[in-house]
Amino acid sequence: MLKKIFIILVLLFSFGTGFIAKASELEIIKELNLGKEKLSNVNLLEKISTAAITDVPSFSYTVHAEGAILIKDNISKIMFKKNIHQRFFPASTTKIMTALLAVENCDLNEVVTVSKTALDSVPAGSTRAGVEVGDILTVKQLLYGMLLPSGNDCAAVLAEHIAGSQEKFALMMNKKAAELGTEQTNFVNPHGFFSPNHYTTPYDFAIICQEAFKQRQIRNTISTRITKVIYKNKNGQKVVKTWVNSNSQLKDANRFTGLVGGKTGYTSEAGHTLCTLGHYKGHDYIVVIFKDGAHERYKDTKSLLLKAFKLCDASN
């Protein structure tokens, strides 16, 4: 009798333990599934959040330029790309970086005297705004002389004023480029005159333009078609200059809704280059065009911007 009772107790204990074990396993599995569900929901939210930040309509298009990129607001929103990580020579679009450093490191009303050293550093065959040794201008006036008629002389004067020499300014340019996150960019001068060691990519330069175009003074300058400046020469005599923007987009016949302005460039090695800012329905659009034709760069840029604006309308 006692033996039977013992066997029954053993069986009940085993069954109970097994039941508890099974119940515990079910609870663990339930918790694991709940955890997986929560994790899945978090991942889904992260994906939705990321998409909301970076998702932007992109499109295909045939451009004449060998390298091109169009971004909306920032580099994470690329709408069009062609050879965006290939190296190109930027030519005078380089001056966008020089302008950025000038605005960041100078007061616009700072007075600058043009030195012989600065002008002697300008390569023969350069485009010039026509400043002379001893001329006294403000930083703001030099910006206009650099960005409108594309004066290499004004770029050299600004570089010397900011850094003390062209070489030290190039170091500043490269330091700034690296801080912005570029990886295939190297500058050796402030104006973009050809050097095999002076290069960038459409992707990198879009990053630089993105930062530069945040500056109100740069936006105002690149959107100016023509300006008159008055300053004094070394003898104290008044000098009057009229500087016209080299960017043909700004001519009345060529303007279109959403265009702000930009910077042109050309050397035989670089071809024709153009960096443009558009602003449409609260968003900035930046186009970088490298290695293009003289007229084709404008056609490519306009086509890309109008296509982007159309997509903007369709998404609203």
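The rules we used
Residues numbered from 1 in each chain as written. Predicted model: local features only at pLDDT ≥ 70, side-chain atom pairs only at ≥ 80, totals over all residues. Heavy atoms only, no water. Salt bridge = Lys/Arg side-chain N within 4 Å of Asp/Glu carboxyl O. Helix = DSSP H or I, 4+ residues; strand = E, 2+ residues; numbered from the N terminus. Core = buried A, V, L, I, M, F, W, Y, C linked by side-chain atoms within 4.5 Å. Buried < 20%, exposed > 50% of the residue type's maximum accessible area, 1.4 Å probe, protein only. Pairing = 2+ DSSP bridges. Axes fitted to C-alpha atoms, helices over the stretch in contact; angles between N-to-C directions. Contact = heavy atoms within 4.5 Å. Phe/Tyr/Trp six-rings, centres within 6.5 Å; stacked < 30°, edge-to-face > 60°. Parallel < 35°, antiparallel > 145°, perpendicular 65-115°, else oblique. Left-handed = near helix turned anticlockwise from the far one by under 90°. Nonpolar A, V, L, I, M, F, W, Y, C, P; charged D, E, K, R; others polar.

Caption draft 1: Inspection of the pattern of salt bridges at higher detail. This structure, assessed with the given rule, holds six salt bridges. A salt bridge links Asp120 to Lys116, with the shortest nitrogen-to-oxygen separation between them at 2.6 Å. Residue Asp120 and its partner Lys116 are both found in helix H3 (residues 116-120); the two are separated by four residues, about one turn of the helix. The salt bridge partner of Arg219 is Asp284, with a shortest N-O separation of 2.9 Å. Here Arg219 is found in helix H8 (residues 216-222), whereas its partner Asp284 is found in strand E9 (residues 283-292), with 65 residues between them in sequence.

Caption draft 2: Representation of the nonpolar core within the structure. Grouped together as the largest cluster of nonpolar side chains are 57 residues, with contacts concentrated most on Met97, Met146, Phe205, Cys209, Phe213, Ile218 and Val288. By size, the runner-up hydrophobic cluster in this structure holds 22 residues, among which are Phe80, Phe256, Val287 and Ala308.

Caption draft 3: Representation of the sheet that holds strand E7 (residues 259-267) in the model. Spatially, E2-E1-E9-E8-E7 is the arrangement adopted by the five strands of the open sheet, whose pairing is antiparallel. Pairing within the sheet leaves two strands with one partner each, and these edge strands are strand E2 (78-82) and E7. Between one strand axis and the next, the sheet turns by 5 degrees as a mean value, whatever way the strands run. Across six bridges, the pairing between strand E1 (residues 67-72) and E9 is antiparallel. Bridge assignment links Ile71 to a residue of E9, and that residue is Ile286. Packed onto the sheet, helix H7 (residues 202-212) meets E1, E2, strand E8 (271-280) and E9 and runs at close to 140 degrees relative to E9.

Caption draft 4: Just the packing of aromatic side chains, in detail. Summed over all chains, the structure comprises six aromatic pairs. With a centroid separation of 5.2 Å and an interplanar angle of 75 degrees, the aromatic rings of Tyr285 and Phe309 are classed as edge-to-face. Of this pair, Tyr285 sits in strand E9 while Phe309 sits in helix H9 (residues 296-315), and the two are 24 residues apart along the sequence. Classification of Tyr285 by relative accessible area gives buried; the value is 0%. A relative accessible area of 3% means that Phe309 is categorised as buried. Three or more aromatic residues joined by ring pairs form one cluster here, namely Phe88, Phe205 and Phe290.

Caption draft 5: Quick peek at the packing of helix H2 (residues 95-105) against helix H5 (residues 152-163). In contact at an axis separation of 10 Å, H2 and H5 are set at 40 degrees when each is read in the N-to-C sense. Between H2 and H5, the angle is such that the two are oblique. Crossing handedness for the pair H2 and H5: left-handed. Only Asn152, Ala155, Leu158 and Ile162 of H5 make contact with H2, whose side of the interface consists of Lys95, Thr98, Leu101, Ala102 and Asn105. Classifying every residue of the contact of H2 with H5 by side-chain character gives five nonpolar, three polar and one charged.

Caption draft 6: Molecular detail of the pairing of E1. Where burial is concerned, most of E1 is hidden: six out of the six residues are buried. Residue alternation in E1 divides its side chains into two sets, Gly67, Ile69 and Ile71 and Ala68, Leu70 and Lys72, and both sets are buried. Adjacent in sequence and paired antiparallel, E1 and E2 are bridged by five residues, among which Asp73 carries a positive phi angle near 70 degrees.

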